[in-house]
Amino acid sequence: MDIDTQITTKGKEEQIEEKKGIMVILVGAPGSGKSTFCQDVMKISNRPWFRVCQDAIGNGKAGTKVQCLASAATALKEGKAVFIDRCNLEKEQRADFLKLGRSHGNVHAVVLDLPAKLCISRCAKRTGHEGNLQGGKAAMVVNRMLQKKELPKLIEGFSRITHCQNETEVQAAVSTYGSLGLLDSLPSGVFGQKNSESKVQLGIMKFLKKVDGPRNAANNSQVSVGNNKLHNENEIALHGPESGVASSGNVGSEVKDCEHTLSGNVGNEVTDSEYNLSINVGNEVKSSEHSLPGNVSDGVKDHECTLSCNVGKEVKDCEDINMVSHKDTVSSDNVPTLAFPSISTADFKFNLEKASDIIVDQVELFLQKYHNVRLVLVDLSHSSKILSLVSSKASQKKIDTRKFFTFVGDITRLYSQGGLRCNVIANAANWRLRPGGGGVNAAIYSAAGKSLETATKIRAGSLMPGKALVVPLPSTSPLCSSEGITHVIHVLGPNMNPMRPNCLGNDYTKGCRVLREAYSSLFEGFGSILGEQNKLINESNEKEVSETKDQGELNLMKQFALTDQKGKRECVNEIEINKKCKVPQNENESDSTDLLNKNEDRSTKKRDESMSKAWGAWAQSLYNIAMHPEKHKNDVIDILDDVVVLHDLYPKAEKHLLVVARAAGLDQLADVRSQHLPLLRTMHNVGLKWAEKFLTENDSLIFRLGYHSAPSMRQLHLHVISQDFDSKHLKNKKHWHSFTSPFFLDSVDVIEEVSKQGKATLNNDERYLTKELRCHRCRSAHPNIPRLKSHISNCQSPFPAALLQNGRLILPPSTQSAEKPS
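Participant: Can you break down the nonpolar core residue by residue, with the values?
Facilitator: Counting residues in hydrophobic clusters, the biggest one holds 37 residues, and the most contacted among them are Phe-340, Leu-375 and Phe-404. Among the elements of the structure, β11 (337-341), α10 (352-369), β12 (374-379), α11 (385-396), β13 (404-408), β14 (424-428), β16 (487-491) and α16 (508-546) are those that each provide at least two residues to this core. Of all the elements, α16 adds the most residues to this core, at 10 residues. With residues up to four places along the chain from it excluded, the contact list for Phe-340 reads Ile-359, Val-363, Leu-375, Val-376, Leu-377, Val-378, Phe-404, Ile-411, Ala-426, Tyr-519, Leu-522 and Phe-523.

In structure tokens, the structure reads:
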């Protein structure tokens, strides 16, 4: 067994100053030897220990959990080390004791994970047990409790967890704690390899009339393994006694329960303070606080809540126990979290003492500004000196360990291997912002896939020391899909290693300033992400309130979905056909970006209905293609990480493409905010590439890239359209105005506005779509579309000066100088 029995001893004066209490929570089924363990340690230890046992807390009789907490608190205040001698098989049962113990010092767990048969045998043979759990009922109780076993995890708040699977390992743990002096401490981490969960006996399940009992038991076992195995197999540990987290969400299925018991008229009464009954509900196991009366020959008592069923010598109808679900409390999974490595202390050889001071100072400053956040310093090594230094200094400054702690593990697998959910991770990047070089940089680029490199290149080509770069992760990145990482922040610190470029030598005055700037930039980047997320939430709430007053967008939507008499459906480019424009009804076509279901009952649609509900069936086609392009290979011409490219089904010009965003939740330009700037730039660059490709094939074309202010097709899409407008599908006034009026927003202007204001200004006034027809070059007026088309095919006038500025038009190289405004 891999138990670390090393006991560290410091100078006497230092230890007295840093001396902290210890609470050891025993975890194990009845008969696993918890009470014996406590007694054996107390016999040989020179340290004062106090045992809290619920079965004997009330003057030798069974008491309550509240009494146990009060007794433990008193003992800790008196400077005693405390054993919590309860079964503690579920996370919920341990939570209150963890909270109490961490307020006085360190909390350890000793898991007596002995075979179920051994536990049952001991219970059946023993007499005079404090809780009276003995005799023939032991098998049922033990197996019932093991069904819902949740092994402890470091992320619950434990600083040390020791697993024992046999008597030899139990004795080794007794020796470890028995030799622990008053001023001694034990290393943090997880020790002892864990076997698979104890299996529930088939005979017991049949006895309880649970036909699917073994399968459910296996499922429950699998849940627990899923929640805990990676902590133990990889020995991932929170570093240092102050590094625990008070609460955390579970990995895999949730397991919830409260403490129940069977009660009634008792012959040979069996008392157990943690006897649990559960009912499987989907993937969750929940139970409630009910009392069902009945006669019980062999009863089991609990001191918190009671649950009973009619039992003679056999247990009957347990499957009919009523249940009430308890709503989840908010877990730490909901807290925005940044995980970051120590910058410049590895390959760049920055002094660890100085680096740890800077880290703690910058963390303290950040947490003064932001409250509902977590910062996690991560390192791969259990023996990491930087983690130890930072943990110690953060403790001295009394920084809340729920908001900042250290963690030992792989920064690219914090959730899958450590159960720690992080939204953002920092990368100790090189100045070229390229993969490779080993360490954190290589690991993050490798785990994130090619999409991170692509997204980074779009935003910057290099990075200066002391600076940070926020890069949103594409949803297709493995880090996003498997770990839940939404952003990577590249940060570059100072180099103090003479073997590496741009070494500062021994100039720590400059080095400390640059490192301080690096952490400040990193945390500011995280803060900007938080700000944008909060802004989106606030704007979403405001939109829901004000949408009933804002009819502009819905008025436009109500004008769509016209169809011709032959039943053909084509999308109108965000526009209804102008009633004043005398065009035959069978010309009422629309392009593939603007079709709504003609059966939609627009007259009865509520004005406060959300936009997600306003999209008709036909309007979903672009969304479906963007989310599942592999199913539409005949429709798309290019599939990239962030976008797909396809021809407009009803083009309004000789060349008309759509660049469609693949990000979920971006239905239209109104949804775009500053965090989507990289995506907007990607869409623009892709559109520009295709325009330039067409220009090499036909240098008489001129292109414009832009968005409609109020699209009728769901999913953000960019139009790449040639300015000849030579298409049989351009048939009415609103087709024309949707691409030539302020309703059409140039891509370069959208990017600039979002960069400066956080969002684009939309010109969705329907009056733009009903004005008279004018040539987009010379501005001459024309009575109808055929006359306009005839004119523009021969018009050689230059484009308006506004269009020739800021790269709004994509011109062939041969005409760029001629088209420049004077």
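Let us keep going from here.
Participant: How would you sum up the packing of helix α2 (residues 34-44) against helix α7 (residues 167-178)? Please name residues and give values.
Facilitator: Running from N to C, α2 and α7 cross one another at 40°; their axes reach a closest spacing of 8 Å. When the interaxial angle is binned, α2 and α7 end up oblique. Every pair of crossing elements has a handedness; the one defined by α2 and α7 is right-handed. Contacts between α2 and α7 involve Phe-37, Asp-40, Val-41 and Ile-44 on the former and, on the latter, Val-170, Gln-171, Ala-173, Val-174, Tyr-177 and Gly-178. In the contact of α2 with α7, the residues fall into seven nonpolar, two polar and one charged.

Participant: Got a sec to walk through the pattern of salt bridges? Specific residues and values, please.
Facilitator: Following the criterion strictly, the structure yields 25 salt bridges and no others. Across the salt bridge formed by Arg-51 and Asp-85, the nearest N and O atoms sit 2.8 Å from each other. Remark: Asp-85 occurs in strand β3 (residues 81-85) and Arg-51 occurs in strand β2 (residues 49-53); sequence separation between them is 34 residues. Judged by its relative accessible area of 5%, Asp-85 falls in the buried class. Here the residues in one salt-bridge network are Glu-353, Asp-357 and Lys-393, joined through shared partners.

Participant: Describe the packing of aromatic side chains, listing the residues and the values that go with them.
Facilitator: With the rule as written, the count across this model stands at 14 aromatic pairs. On the numbers, 4.2 Å between centres and 10° between planes, the contact of Trp-49 with Phe-83 is stacked. Placement of Trp-49 in strand β2 and of Phe-83 in strand β3 is noted, with a sequence separation of 34 residues between them. Note on Phe-83: relative accessible area 0%, which makes it buried.

Participant: Which residues make up α11, and what values go with them?
Facilitator: Between its first and last C-alpha, α11 extends 17 Å over 12 residues, near the 16 Å set by a 1.5 Å rise per residue. Along α11, the residues that are buried comprise Ile-386, Leu-387, Leu-389, Val-390, Ser-391, Lys-393 and Ala-394. Summarising the contacts, the buried residues of α11 are in contact with α10, β12 and β13. Sitting at the amino-terminal end of α11 is Ser-384, which places a side-chain oxygen 3.3 Å from the backbone nitrogen of Leu-387. Positive backbone phi, at 60°, marks Lys-398, one or two positions downstream of α11.

Participant: Could you give me a rundown of the sheet that holds β2, with the residues and numbers involved?
Facilitator: Hydrogen bonds between backbone atoms are what pair the strands of a sheet, whose relative direction is either parallel or antiparallel. Read across the sheet, six strands follow the order β2-β3-β1-β4-β5-β6 without closing on themselves; strand pairing throughout is parallel. Whereas interior strands pair on both sides, the edge strands pair on one side only; in this sheet they are β2 and β6 (189-191). Each neighbouring strand pair of the sheet contributes to a mean axis angle of 15°, computed without reference to strand direction. Where strand β5 (residues 160-164) and β6 come together, three bridges link them in parallel fashion. Paired with Arg-160 across the bridge in β6 is Gly-189.

Participant: For the packing of helix α3 (residues 65-77) against helix α4 (residues 91-102), give the residues involved together with the corresponding values.
Facilitator: Two numbers describe how α3 lies on α4: the axes approach to 10 Å, and their chain directions differ by 25°. Judged by the angle between their axes, α3 and α4 are roughly parallel. Classified by chirality, the crossing of α4 by α3 is right-handed. Packed against α3, whose contacting residues are Lys-65, Cys-68, Leu-69, Ala-72, Ala-73 and Leu-76, the element α4 presents Glu-92, Gln-93, Asp-96, Phe-97, Leu-100 and Gly-101 at the interface.

Participant: Before we move on, could you go through unusual backbone geometry and cite the residues and values that matter?
Facilitator: The phi torsion at Asn-502 lies on the positive side, around 60°, for a residue other than glycine. Relative to the elements of secondary structure, Asn-502 occurs in the loop between β16 and α16. In this structure Asn-502 comes out as exposed when scored by relative accessible area, which is 64%. Of note, Asn-806 is a non-glycine position whose phi angle comes to about 60°, a positive value. If you trace the backbone, Asn-806 turns up in the loop between α23 (785-792) and β25 (809-810). The class of Asn-806 is partly exposed, set by a relative accessible area of 43%.

Participant: Can you break down the side chain of Ser-451 residue by residue, with the values?
Facilitator: You can see Ser-451 is positioned in helix α14 (residues 450-459). Ignoring any residue separated from it by four or fewer positions in sequence, one finds Ser-451 in contact with Pro-474, Thr-476, Ser-477 and Asp-641.

Participant: Run through the environment of His-487, naming residues and quoting values.
Facilitator: Relative to the elements of secondary structure, His-487 occurs in strand β16. Contacts of His-487, omitting those with residues within four sequence positions, involve Asn-423, Val-424, Ile-425, Val-470, Val-471, Pro-472, Leu-473 and Ile-529.

Participant: Which residues make up α4, and what are the values?
Facilitator: Three or four residues apart is the spacing at which side chains of an α-helix point the same way, because the helix has 3.6 residues per turn. With 12 residues, α4 ought to run about 16 Å at 1.5 Å a step, and its terminal C-alpha atoms sit 15 Å apart, in line with that. Listing the buried residues of α4 in full gives Lys-91, Gln-93, Arg-94, Phe-97, Leu-98, Leu-100 and Gly-101.

Participant: Break down the pairing of strand β21 (residues 717-722) for me, with residues and values.
Facilitator: Each regular strand carries side chains that alternate between the two faces of the sheet. Of all six residues in β21, six are buried, a share of seventy percent or more. Across five bridges, strand β19 (residues 656-661) lies against β21 in antiparallel orientation. Residue pairing for β21: His-656 is matched across the bridge by Ile-721. Of the strand pairs in this sheet, strand β20 (residues 703-708) and β21 are connected by four bridges, and their pairing is antiparallel. Bridging across to β21, Gly-706 finds its partner in His-719.

Participant: Any details on the confidence of the model for the protein? Residues and values, ideally.
Facilitator: Summing up the model confidence of the protein, the mean pLDDT is 74 and the portion of residues at 70 or higher is 68%. Predicted confidence for residues 9-18 stays below pLDDT 50, and this span has nine contacts to residues more than four positions away or in other chains.

Participant: Let's hear about the pairing of β16: which residues, and what values?
Facilitator: In terms of burial, β16 is largely enclosed, as five of its five residues are buried. Going residue by residue along β16, you find His-487, Ile-489 and Val-491 tucked away on one face and Val-488 and His-490 tucked away on the opposite face as well. In this sheet, β16 lies alongside β14 in parallel orientation, the contact comprising five bridges. Bridge pairing in β16 places Ala-426 opposite Ile-489. Relative to β16, strand β15 (residues 468-472) runs antiparallel, the two being bridged by five bridges. Note on β16: the bridge partner recorded for Ala-468 is Val-491.

The rules behind these values
Residues numbered from 1 in each chain as written. Predicted model: local features only at pLDDT ≥ 70, side-chain atom pairs only at ≥ 80, totals over all residues. Heavy atoms only, no water. Core = buried A, V, L, I, M, F, W, Y, C linked by side-chain atoms within 4.5 Å. Buried < 20%, exposed > 50% of the residue type's maximum accessible area, 1.4 Å probe, protein only. Helix = DSSP H or I, 4+ residues; strand = E, 2+ residues; numbered from the N terminus. Contact = heavy atoms within 4.5 Å. Axes fitted to C-alpha atoms, helices over the stretch in contact; angles between N-to-C directions. Parallel < 35°, antiparallel > 145°, perpendicular 65-115°, else oblique. Left-handed = near helix turned anticlockwise from the far one by under 90°. Nonpolar A, V, L, I, M, F, W, Y, C, P; charged D, E, K, R; others polar. Salt bridge = Lys/Arg side-chain N within 4 Å of Asp/Glu carboxyl O. Phe/Tyr/Trp six-rings, centres within 6.5 Å; stacked < 30°, edge-to-face > 60°. Expected span 1.5 Å × (residues − 1). Polar contact = N/O pair within 3.5 Å; in protein donor to acceptor, adjacent residues only side chain to side chain. Pairing = 2+ DSSP bridges. pLDDT = per-residue confidence, 0-100.

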